[in-house]
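What follows is each chain in one-letter form.
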Amino acid sequence: MAGIDSLLQVMYGFYDGLFQPLLAAGPYVSLGAFSAVLALIFSVIYWWLLDVERQQELKDKVQDKQEERKELQEEGRDDEVKEVMGDMMELNQSMMMLNIKPMLATFVFVGLLFPWLGSTYAPAAELSETGNQSYSGNLTYAGDTVPVTVTNSSDVVVEVDGSSAQPGGFVSALGVDWQVAKFSESGGGGFLFFGGGGDGPRVKFNAEFVPLPVSLPFVGSVLNWLGFYILITMPLSIVFRKMLGVA
């Protein structure tokens, strides 16, 4: 795990320097740009690696089988319906196999960029104990850093650049509204799970992108970076794939 954390530190440092001007434009602009570019890259990968003609051929056969199944069901020919259903399953499996190669290629970009995106827009500030159940550390975004202090007496209170909140609340710093997602005295989870390496105390933040009118299960009251990414990429992917002729 230590080797992976060290590798990620190097990779994150490279990305931070490379994309610092874009990050400085603000979270909406930067994540919107990353989302649009990734949607385009994934669409091009599918256009390049997917056998579009073969896919369309299989889709046409599935549609024909669906119409045939409907006719057989109306005529009550159940044995033949089962046979047609088996043919449809085989055709759908063939279509799935066509998508494996482009899917694996997109996973490469996901593995290279998504951990860093999570660390950037959902960072964890590593803390040092200062005594009396108090901790201090730094929150870094777009090359800028602000101090973080945590007091854990009767309640956990996180203060960032003069703005304070309890876990679940919000603070403003570095031009971003951050939700205080979690405070842990023992850390754990590494880069991929808690946003940083090591096992010391830390506080996890989530950049707020879209406030929601109601709190949703597994989502909460705001749309975080991943929800915002999906919100941007889904319509753009449809547009790009139609432009490239990829269904």
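Before reading further, recall that the structure is shown in the block above.
Just so you know, these numbers come straight off a predicted model, no measurement behind them.

1. A closer look at the overall build of the protein chain
Part 1: Across its full length, the protein chain holds 6 helices and 10 strands.
Part 2: In summary, the protein chain has a C-alpha radius of gyration of 24 Å against a globular reference of 18 Å for 247 residues, an excess of more than 25%.
Part 3: Once the C-alpha set of the protein chain is aligned to its principal axes, its extents read approximately 80 × 40 × 35 Å.
Part 4: Among the 247 residues that make up the protein chain, the fraction classed as buried is 39%.
Part 5: In the protein chain, once contacts between residues fewer than 6 apart in sequence are set aside, the share between residues at least 24 apart is 54%.
Part 6: For the protein chain, the accessible area works out to roughly 13,900 Å², and carbon and sulfur atoms hold 59% of it.

2. A word on the packing of aromatic side chains
Part 1: Per the stated rule, a full pass over the model turns up 17 aromatic pairs.
Part 2: Note on Tyr-28 and Phe-228: the rings are 5.7 Å apart at their centroids and 80 degrees apart in plane angle, and the pair reads as edge-to-face. Of this pair, Tyr-28 sits in helix α2 (residues 27-49) while Phe-228 sits in helix α6 (residues 225-244), and the two are 200 residues apart along the sequence.
Part 3: For Tyr-28, a relative accessible area of 43% translates into the label partly exposed.
Part 4: On the accessibility criterion, Phe-228 (9% relative accessible area) is buried.
Part 5: With a centroid separation of 6.4 Å and an interplanar angle of 70 degrees, the aromatic rings of Phe-42 and Phe-109 are classed as edge-to-face. Remark: Phe-109 occurs in helix α4 (residues 78-121) and Phe-42 occurs in helix α2; sequence separation between them is 67 residues.

3. Let's talk about the pairing of strand β1 (residues 124-131)
Part 1: Relative to strand β8 (residues 202-207), β1 runs antiparallel, the two being bridged by 3 bridges. In the sheet register, Ala-124 faces β8, and the bridge partner there is Lys-204.
Part 2: Both β1 and strand β2 (residues 134-141) contribute to a ladder of 4 bridges, which runs antiparallel. Within β2, the residue paired with Gly-131 across the bridge is Ser-134.
Part 3: Counting the residues in the hairpin turn of β1 and β2 gives 2 residues, including Asn-132, whose phi is positive at 55 degrees.

4. Some remarks on the packing of α2 against α6
Part 1: At their nearest, the axes of α2 and α6 sit 8 Å apart, and the two run at 40 degrees to each other. In terms of their interaxial angle, α2 and α6 are classed as oblique. Crossing of α2 over α6 shows right-handed handedness.
Part 2: Looking at the contact of α2 with α6, its residues break down into 17 nonpolar, 5 polar and 1 charged.

5. Some remarks on the sheet that holds strand β4 (residues 156-160)
Part 1: Across the sheet, which stays open at both edges, the 8 strands sit in the order β5-β4-β3-β2-β1-β8-β7-β6 with antiparallel pairing between neighbours. The two strands at the open ends of the sheet, each matched to only one other strand, are β5 (163-165) and β6 (170-173). For this sheet, the mean inter-axis angle between neighbouring strands, taken without regard to orientation, is 30 degrees.
Part 2: Lying over the sheet, α4 contacts β2, β7 (176-184) and β8, oriented at roughly 100 degrees with respect to β8.

6. Description of unusual backbone geometry
Part 1: Backbone geometry at Gln-133 places phi at a positive 60 degrees, although glycine is not the residue there.
Part 2: Relative to the assigned elements, Gln-133 resides in the loop between β1 and β2.
Part 3: Classification of Gln-133 as partly exposed rests on a relative accessible area of 35%.
Part 4: A positive phi is found at Ala-142, a non-glycine position, where the angle reads about 55 degrees.
Part 5: Of note, Ala-142 is situated in the loop between β2 and β3 (144-152).

What counts, and where the lines are drawn
Residues numbered from 1 in each chain as written. Predicted model: local features only at pLDDT ≥ 70, side-chain atom pairs only at ≥ 80, totals over all residues. Heavy atoms only, no water. Helix = DSSP H or I, 4+ residues; strand = E, 2+ residues; numbered from the N terminus. Rg over C-alpha atoms; globule rule 2.2 N^0.38 Å. Buried < 20%, exposed > 50% of the residue type's maximum accessible area, 1.4 Å probe, protein only. Contact = heavy atoms within 4.5 Å. Areas by Shrake-Rupley, 256 points an atom, 1.4 Å probe, with all protein chains shown as cover. Phe/Tyr/Trp six-rings, centres within 6.5 Å; stacked < 30°, edge-to-face > 60°. Pairing = 2+ DSSP bridges. Axes fitted to C-alpha atoms, helices over the stretch in contact; angles between N-to-C directions. Parallel < 35°, antiparallel > 145°, perpendicular 65-115°, else oblique. Left-handed = near helix turned anticlockwise from the far one by under 90°. Nonpolar A, V, L, I, M, F, W, Y, C, P; charged D, E, K, R; others polar.

Shape is all these values report; function is a separate question.
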